Amino acid sequence: RKIRDLRCRMAGRKVAIYNCARALDDNDIYILQMFDTSPSGLLVKAYRQTESVEYFMPITESELDNAALSRSQQALSKLAESLSLVELSGKLVLMSSITGIIKPKVLPSGDGVRQFIGRTKAGRDALSDFLSEALSELCKEKPVGLDAVRWLGQWILKNNPNQPTVEEPTDMNATLQT
């Protein structure tokens, strides 16, 4: 019974197609694992057991193509050797030195998100005011589930104050003569 329960819990998990252990930039040993996430690409995981810390790096199919990497053990070994930990915006991220693999971008979180929304303009107003209006309109309409996400996206596109506008002259002949 215990084995069957374990199999049931493991059924939804992916098995790594490549595993190795090596020191990264901080000289700690990491367990590196690569998971096939076809058709989207690969997911690279670096795990430092001493502190139970994990770093992830998704690699798309187009990045694999641009880097001329396959899913062979030799190509995955080359990828593992190219990995390093780099500090970006105060956070450690996993990065590859292979040309064709896009360098990671750090997305803001917590206070960083608040600061971004606070300083970003939506027309003449702050983005937070625009988003509040969008959510208020969503509450009035009350769509359910994914329809709510779709409705909100359409409302934001339709009411985006930062959309470029094109003003055409009313009298084309008068404009051409001047």
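Remember, predicted model here, so these are calculated numbers, not experimental data.

A. Seen up close, the overall build of the protein. Looking only at helices and strands, the protein features seven helices and eight strands. Burial analysis of the protein (178 residues in total) assigns 25% to the buried set. Here the analysis covers contacts within the protein between residues at least 6 apart in sequence; of these, 33% occur between residues at least 24 apart. A total accessible area of about 13,000 Å² is found for the protein, and carbon and sulfur atoms account for 54% of it.

B. Region of interest: the pairing of strand S5 (residues 83–88). Looking at chain direction, S5 and strand S6 (residues 91–96) are connected through six bridges and run antiparallel. Note that in S6 the partner of Glu87 across the bridge is Leu92. Connecting S5 to the next strand, S6, in antiparallel fashion are two residues, including Ser89 with a positive phi near 50°.

C. Here's a closer look at the sheet that holds strand S2 (residues 29–36). A sheet is described by the order of its strands in space; here four strands give the open sequence S1-S2-S3-S4, paired in antiparallel fashion. At either margin of the open sheet sits one strand with a lone partner, and together these are strand S1 (18–23) and strand S4 (53–60). Between one strand axis and the next, the sheet turns by 20° as a mean value, whatever way the strands run. Sheet topology places S1 next to S2; six bridges connect them, and they run antiparallel.

D. A look at the pattern of salt bridges. Counted under the stated rule, the structure contains nine salt bridges. Arg150 serves as the salt-bridge partner of Asp147, at 2.8 Å between the closest nitrogen and oxygen. On the criterion of helical spacing, the pair formed by Asp147 and Arg150 is a turn pair, its members being three residues apart in helix H6 (residues 146–159). In this structure, a network of salt bridges that share partners links the residues Asp26, Asp28, Arg48 and Glu51.

Here is what the cut-offs are and how they apply
- Residues numbered from 1 in each chain as written.
- Predicted model: local features only at pLDDT ≥ 70, side-chain atom pairs only at ≥ 80, totals over all residues.
- Heavy atoms only, no water.
- Helix = DSSP H or I, 4+ residues; strand = E, 2+ residues; numbered from the N terminus.
- Buried < 20%, exposed > 50% of the residue type's maximum accessible area, 1.4 Å probe, protein only.
- Contact = heavy atoms within 4.5 Å.
- Areas by Shrake-Rupley, 256 points an atom, 1.4 Å probe, with all protein chains shown as cover.
- Pairing = 2+ DSSP bridges.
- Axes fitted to C-alpha atoms, helices over the stretch in contact; angles between N-to-C directions.
- Salt bridge = Lys/Arg side-chain N within 4 Å of Asp/Glu carboxyl O.

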